[in-house]
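Descriptive structure summary
The chain contents come next:
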Amino acid sequence: MDLNEKYMPVVETIQKAGGTPPPTTPTLVELIKEVIKEDEIDFILAFNEQKSQTMEQLKASTGLSEDEINAKVEVLAKRGVIFNQPNSKGIMVFRLLPLFNVGIFEYMFMKKLEITPETQRIAALFTKMFDEHRGLVKEHYEDVVKMVKNIPPIDRTVPYTTNQDSGQSISIEINQSLGDVEETHMPFQDVKDIVAKFDDIAVGHCFCRHHKDVVGDPCKQTDSRENCFTFGKSARYTSAQGFSRMVTKEEALAILTKAEDDGLIHKAYHPGFNSSRDETSICSCCSCCCGNAHGMTIAGTANEAWFMAVVDAEKCVSCGTCAEKCGTQAMTQSEDGSPSLNKDLCIGCGVCAHFCPENAISLVQNRRIVYTTPPRPE
């Protein structure tokens, strides 16, 4: 059996771990060979039937002692391959992570990497794999678009709340008639409130931008890199594994303010895609690197939006700032200079309202799922 054949069961096991499983290609095999060492193969294969196991279960499935398991896990956890955290009952659980969404890719590039031949090789393999995935999506484009319309929203937009020039609050209208307010839990709509409720906050590198740095294609929108936040249990895990560092609430707010100065879009993530549960993380996304950005997404994504931008025509001076700053291409400038909004693309992030020099844009509650499909093949 050659080495590639030996790794095929590992590839299949990781593909079954969840997230977004990429198609099996020689590139994927080469990538897994870079991430999983040959002497770790048997340990990974122990997760083939059950991706989450307790210590006792893992001892039975691997035949290893507790000390041997802990030694393996310590190494693999710092690579983002194994998630080792206690469950709600305090029992330590070991879970095999997928390649991405959320797994090896995100954790690998969340930590500060030295640009070495090895990291460049791994980053280039991820790029090649993404490109191959795009090619496959193009071949089955219509089926992919139909599939996107059936996926749950993976993140939630958290809107900006202040106008940059004036320092005034952006007008945010909560229209209670749009939903049953007694049954609908409305999560915090200000990053300041989200930060305030957590004692444990960690920040790591934006994995999308960091990956682009390693392959020599740096972000064109911001020079910020450390603005991927995790909270609570997730913060303790990511900081313990070296993917992030713990920060104070004041440090977190300063980083988020810089993100808003650069026009990045705040996206919150919740356990099980359920926005009634506390946030696990917040990303501040650009439009040129983010894997979920309009025009960048490989296989499409879905976002939970709570608001929609509304332009006050009497205040608007048709300067075009909103169209220039819009990260989803929802706001464009008409031939007469006036702004035009594509409601199907607006995620209510408030970036346009933040930069409007006349404070002429408000946000009106309009809870919905906004689907972003991959670029149509030419």
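Residues numbered from 1 in each chain as written. Predicted model: local features only at pLDDT ≥ 70, side-chain atom pairs only at ≥ 80, totals over all residues. Heavy atoms only, no water.

- Under an unreviewed UniProt entry, the protein has the name 4Fe-4S dicluster domain-containing protein and belongs to Desulfatibacillum alkenivorans DSM 16219.

**Here we look at the domain arrangement of the protein**
- Per the domain assignment, the segments making up the protein are domain 1 (3-99) and domain 2 (152-164 + 189-372).
- Of note, the centres of domain 1 and domain 2, computed from C-alpha atoms alone, are 32 Å apart.
- Contacts between domain 1 and domain 2 engage eleven residues on the former and five residues on the latter.
- For the pair domain 1 and domain 2, the summed buried surface comes to about 620 Å²; carbon and sulfur atoms form 48% of the total.
- On the domain 1 side of the contact with domain 2, Lys78, Phe83 and Gln85 bury the most area, a combined 62% of that side's loss.
- Where domain 1 meets domain 2, there are four residue pairs in polar contact (both at pLDDT 80 or more).
- If you tally residues by element for the side of domain 1 that touches domain 2, the top one is strand 2 (residues 82-86), at five residues.
- Split into classes, the residues belonging to the side of domain 1 that touches domain 2 amount to five nonpolar, four polar and two charged. (Domains from an automatic or database assignment. Contact = heavy atoms within 4.5 Å. Buried area = accessible area lost by both parts, 1.4 Å probe. Polar contact = N/O pair within 3.5 Å; in protein donor to acceptor, adjacent residues only side chain to side chain. Helix = DSSP H or I, 4+ residues; strand = E, 2+ residues; numbered from the N terminus. Nonpolar A, V, L, I, M, F, W, Y, C, P; charged D, E, K, R; others polar.)

**With respect to the packing of aromatic side chains**
- Going through the model one piece at a time under the given rule, you end up with 13 aromatic pairs.
- When the ring of Phe43 is compared with that of Phe47, the centres are 5.8 Å apart and the planes differ by 70°; the resulting orientation is edge-to-face. By the burial criterion, Phe43 is buried, and Phe47 matches it.
- Residues Phe109 and Phe126 carry aromatic rings whose centres are separated by 5.9 Å and whose planes lie at 75° to one another, so their mutual orientation is edge-to-face. Placement of Phe109 in helix 6 (residues 104-110) and of Phe126 in helix 7 (residues 117-139) is noted, with a sequence separation of 17 residues between them.
- The ring of Phe83 has Arg95 lying over it, and the distance from NZ or CZ to the ring centre is 4.9 Å.
- A cation sits over an aromatic face here: Lys325 above Phe355, 4.6 Å from the ring centre. (Phe/Tyr/Trp six-rings, centres within 6.5 Å; stacked < 30°, edge-to-face > 60°. Buried < 20%, exposed > 50% of the residue type's maximum accessible area, 1.4 Å probe, protein only. Lys NZ or Arg CZ within 6 Å of the ring centre and 35° of its normal.)

**So, the sheet that holds strand 3 (residues 92-96)**
- Strand order in this open sheet of three strands is 1-3-2, and the pairing throughout is antiparallel. Looking at which strands have only one partner, the edges of the open sheet turn out to be strand 1 (52-54) and strand 2. Across the sheet, the axes of successive neighbouring strands diverge by a mean angle of 25°, strand direction being ignored.
- Bridging between strand 2 and strand 3 involves five bridges; their strand directions are antiparallel. Bridge pairing in strand 3 places Phe83 opposite Arg95.
- Seen against the sheet, helix 4 (residues 55-62) touches strand 1 and strand 3 and runs at an angle of roughly 105° to strand 1. (Pairing = 2+ DSSP bridges. Axes fitted to C-alpha atoms, helices over the stretch in contact; angles between N-to-C directions.)

**A few points about the sheet that holds strand 9 (residues 265-269)**
- Read from one edge of the open sheet, nine strands run 5-14-11-4-9-10-7-6-8, paired in mixed fashion. Edge positions in the sheet fall to strand 5 (172-173) and strand 8 (244-246), since each has one partner strand and no second.
- The strands touched by helix 10 (residues 207-214) are strand 6 (201-205), strand 7 (226-231) and strand 10 (281-285); relative to strand 10, the strand with the most contacts, the crossing angle is about 50°.

**Concerning helix 8 (residues 141-148)**
- Listed in full, the buried residues belonging to helix 8 are Tyr141, Val144, Val145 and Val148. For helix 8, the arc enclosing every buried residue in end-on projection is 100°, short of the 170-degree limit, so these residues lie on one face. In helix 8, the exposed residues that point more than 90 degrees away from the buried face are Asp143 and Lys146.
- Buried residues along helix 8 sit against helix 7, strand 11 (301-311) and strand 14 (361-372). (Arc of directions from axis to C-beta.)

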